[in-house]
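# Architecture and fold: a report
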Amino acid sequence: MMPLRLFSNIPQVATVATQMPCRATPAPIRTGPLAGLRIRPIDQAKRKGSIHGSRSDFERRNAMKNKCMTTMAAAALVAVACIGLPGCSGGESQALRESVSQKLGTGSRAGETKTLALPDGVTMEMVWCPPGSFTMGSPETEEGRTGSTSRSHNERQHRVTLTKGFWMAKTEVTQKQWKSVMGKNPSKFEGDNLPVENVNWFDCRNFCDKSGLQIPTEAEWEYACRAGTKGAYAGSGRLDDMGWHSGNSGKRTHPVGEKAPNSWGLFDMHGNVSEWCWDYVDAYPDTAVTDPTGPAVMDRGRIALRGLRGGNWERDAKECRSADRGGGLPRDRYGRNGFRPVARPD
């Protein structure tokens, strides 16, 4: 069976689904990312006799309508499943990603920086995060980690290996950068050098599709945040040095880059705004993993939350730790949530 990650053009999938001929025998899709796939319409009426024979015109029309809807639904489900995989989007955004990857290339050392051009003369500084291994999660004795079963389960320590390096934005996406790509500013606290906020996960994905960038996985985010450290906070290990939180923010966001960076030169990994990640929030594994991306879909009956990391201006210190895991409904927008993108070399 063809891996879902190959179905990469969701708009084209939708077009194929709506234009698919309704017929009783399976027919291959001839164009687009589903080319070659055969989908058999299911006769939900389950009545005896031929569609073209013993039924009334009304019954025949209803039977054919059911077949059409089932066929389109099957194709749509494939497209929706694709949303659960990093890098799964349209051909135009794939071409943009390849262009960005070629321009940035592969870094030579942790903390190396390169400048990425955005529209209207705006730029974004990118920092190289090399491949490597680290311990993701926190020890049960870490200060700020509660004793609840839920948090302990969500921060279970495990070894993670990232086999490929990536570029990460030096700061959270600013409002100036956001406007250059998206054309408007949704933020509640306005200022060109303030982090964009009041954006949901889908907004961030749209930004990435238009800029050739990508949303980081939780593993990429925590690896970059820690930058080789093992404590609750990166850099100096003191939160007030590293980020804006409920105790020092004055109940608002602040311009990016005002606090100290971590050892790889990344600013505001703690506080200011929470940063959307790719993964659905789920319990960590109890074994070592390589290049994790989280579950592709969530089990029925569970709330499908996307990851939010780093804490924000409204949260207290324990929720700004390197290991702390937040989450939100991907459609929700709040003045405390923003993001920073990554670029993965091919």
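Above: the structure in question.
A brief look at the structure comes next.

### Comments concerning the packing of aromatic side chains
- Within this structure, the stated rule accounts for 10 aromatic pairs.
- Chaining the aromatic ring pairs together yields one cluster made of Phe134, Phe166, Tyr223 and Trp264.
- One Lys or Arg, Lys259, reaches over the ring of Trp244 and ends 4.3 Å from the middle of that ring.

### Some thoughts on the pairing of strand E4 (residues 123–129)
- Counting buried positions along E4 yields five of seven residues, so the element is predominantly enclosed.
- Bridge count between strand E3 (residues 113–117) and E4: five bridges; the pairing is antiparallel. Looking at E4, one finds that Thr113 is bridged to Val127.
- The turn linking E3 back onto E4 is made up of five residues, and Asp120 within it adopts a positive phi angle of 60°.
- As defined by bridge partners, E4 adjoins strand E7 (residues 166–169) across four bridges and the pair is classed as antiparallel. Counted as the bridge partner of Cys129 is Phe166 from E7.

### Here we look at the nonpolar core
- Counting residues in each nonpolar core, the largest one holds 26 residues, and the members touching the most others are Met124, Met126, Phe207, Leu213 and Phe339.
- Of all the elements in the fold, those that place two or more residues in this core are helix H3 (91–104), E4, E7, helix H5 (175–182), helix H6 (201–211) and strand E8 (274–280).
- Here this core takes four residues from H6, the largest share from any one element.
- Beyond its immediate stretch of four places on either side in the chain, Phe207 contacts Met124, Val173, Gln177, Trp178, Val181, Met182, Leu213 and Phe339.
- Ranked by size, the runner-up nonpolar core spans 20 residues in total, among them Met136, Tyr223, Leu266 and Cys277.

### Observations concerning the pattern of salt bridges
- For the structure shown, the criterion picks out 13 salt bridges.
- Between Arg238 and Asp241 there is a salt bridge whose closest N-O contact spans 2.8 Å.
- Overall, the relative accessible area of 28% leaves Asp241 in the partly exposed class.
- In this structure, Arg340 and Glu275 form a salt bridge, with 2.9 Å as the shortest nitrogen-oxygen distance. Taken together, the residues Arg340 in the loop between strand E12 (337–338) and strand E13 (342–343) and Glu275 in strand E8 connect sequence positions 65 residues apart.
- Overall, Arg340 belongs to the buried group, its relative accessible area being 0%.

Parameters and conventions
Residues numbered from 1 in each chain as written. Predicted model: local features only at pLDDT ≥ 70, side-chain atom pairs only at ≥ 80, totals over all residues. Heavy atoms only, no water. Phe/Tyr/Trp six-rings, centres within 6.5 Å; stacked < 30°, edge-to-face > 60°. Lys NZ or Arg CZ within 6 Å of the ring centre and 35° of its normal. Buried < 20%, exposed > 50% of the residue type's maximum accessible area, 1.4 Å probe, protein only. Helix = DSSP H or I, 4+ residues; strand = E, 2+ residues; numbered from the N terminus. Pairing = 2+ DSSP bridges. Core = buried A, V, L, I, M, F, W, Y, C linked by side-chain atoms within 4.5 Å. Contact = heavy atoms within 4.5 Å. Salt bridge = Lys/Arg side-chain N within 4 Å of Asp/Glu carboxyl O.

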